[in-house]
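The chain contents come next:
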Amino acid sequence: MSLIHTARQVRENAHAPYSNFKVGAAVMAASGTVYAGCNVENVAYPEGTCAEAGAIAAMVAAGETEIAEIAVIADSPKPVSPCGGCRQKIAEFAKTDVVVTLATTDGTVEKTTISALLPGSFDADYMSRT
């Protein structure tokens, strides 16, 4: 099963009663195991969570810490891109050349990389003192 297929399936479980904008995400960990997440809105808007964050949380909860590939899908006119916060979350667990597949429910697909989505990302190198 492809990452897009997994993301498409989990998207149907999204809780999006306020925006009606359902998003699904699937991450493949370095082990090859796939983890999925969907957006979960909350009436207190900033308390919702993104699909990408949910998939990453599931991966980390399972004891894995490296993303090998990720896919995101939504019913939008063009392939949906992760928000800035999710780009940073993805960058925490993925090398800069990791492929990110962005898709629409009507079949439009675009591939990019973490480095293209988040150039100049803030990473652990900023935290070390040499």
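Asks: Quick question: what am I supposed to make of the pattern of salt bridges here?
Replies: Close approach of charged atoms lets side chains of opposite charge pair. Summed over the entire model, instances satisfying the criterion amount to two salt bridges. Residue K95 pairs with E66 through a salt bridge whose shortest N-O separation is 2.9 Å. With K95 in strand β4 (residues 94–104) and E66 in the loop between α2 (51–61) and β3 (67–74), this pair connects stretches of sequence that are 29 residues apart.

Asks: What exactly am I supposed to notice about the side chain of T104 here?
Replies: Along the chain, the position of T104 falls in strand β4. Look at T104 and you get buried, because its relative accessible area is 1%. Engagement of the side chain of T104 in a polar contact is seen with the side chain of D106, the distance being 2.3 Å. Setting aside its immediate chain neighbours within four residues, T104 contacts R8, I73, A74, S76, P77, K78 and P79.

Asks: Whenever I open this one, the nonpolar core confuses me. Can you help?
Replies: For soluble globular proteins, the rule of thumb is that nonpolar side chains tend to be buried together. Counting residues in hydrophobic clusters, the biggest one holds 23 residues, and the most contacted among them are V27, I67, I90 and I114. Of all the secondary structure elements, the ones that give two or more residues to this core are β1 (23–29), α2, β3, α3 (84–93), β4 and α4 (114–117). Each residue touching I90, except ones within four places of it in the same chain, is listed here: E52, I56, I67, I70, P82 and I114.

Asks: Would you mind going over the packing of aromatic side chains with me for this structure?
Replies: The geometry of an aromatic ring pair comes down to the distance between the two centres and the angle between the two planes. Counted under the stated rule, the structure contains two aromatic pairs. With a centroid separation of 5.9 Å and 85 degrees between ring planes, the pair formed by Y18 and Y45 is classed as edge-to-face. Of this pair, Y18 sits in the loop between α1 (3–11) and β1 while Y45 sits in the loop between β2 (34–38) and α2, placing them 27 residues apart in sequence. With a relative accessible area of 38%, Y18 lands in the partly exposed category. Seen in terms of ring centroids, F122 and Y126 are 5.1 Å apart; in terms of plane orientation they differ by 5 degrees. Their pairing is stacked. The exposure class of Y126 is exposed, given its relative accessible area of 53%.

Conventions used here
Residues numbered from 1 in each chain as written. Predicted model: local features only at pLDDT ≥ 70, side-chain atom pairs only at ≥ 80, totals over all residues. Heavy atoms only, no water. Salt bridge = Lys/Arg side-chain N within 4 Å of Asp/Glu carboxyl O. Helix = DSSP H or I, 4+ residues; strand = E, 2+ residues; numbered from the N terminus. Buried < 20%, exposed > 50% of the residue type's maximum accessible area, 1.4 Å probe, protein only. Polar contact = N/O pair within 3.5 Å; in protein donor to acceptor, adjacent residues only side chain to side chain. Contact = heavy atoms within 4.5 Å. Core = buried A, V, L, I, M, F, W, Y, C linked by side-chain atoms within 4.5 Å. Phe/Tyr/Trp six-rings, centres within 6.5 Å; stacked < 30°, edge-to-face > 60°.

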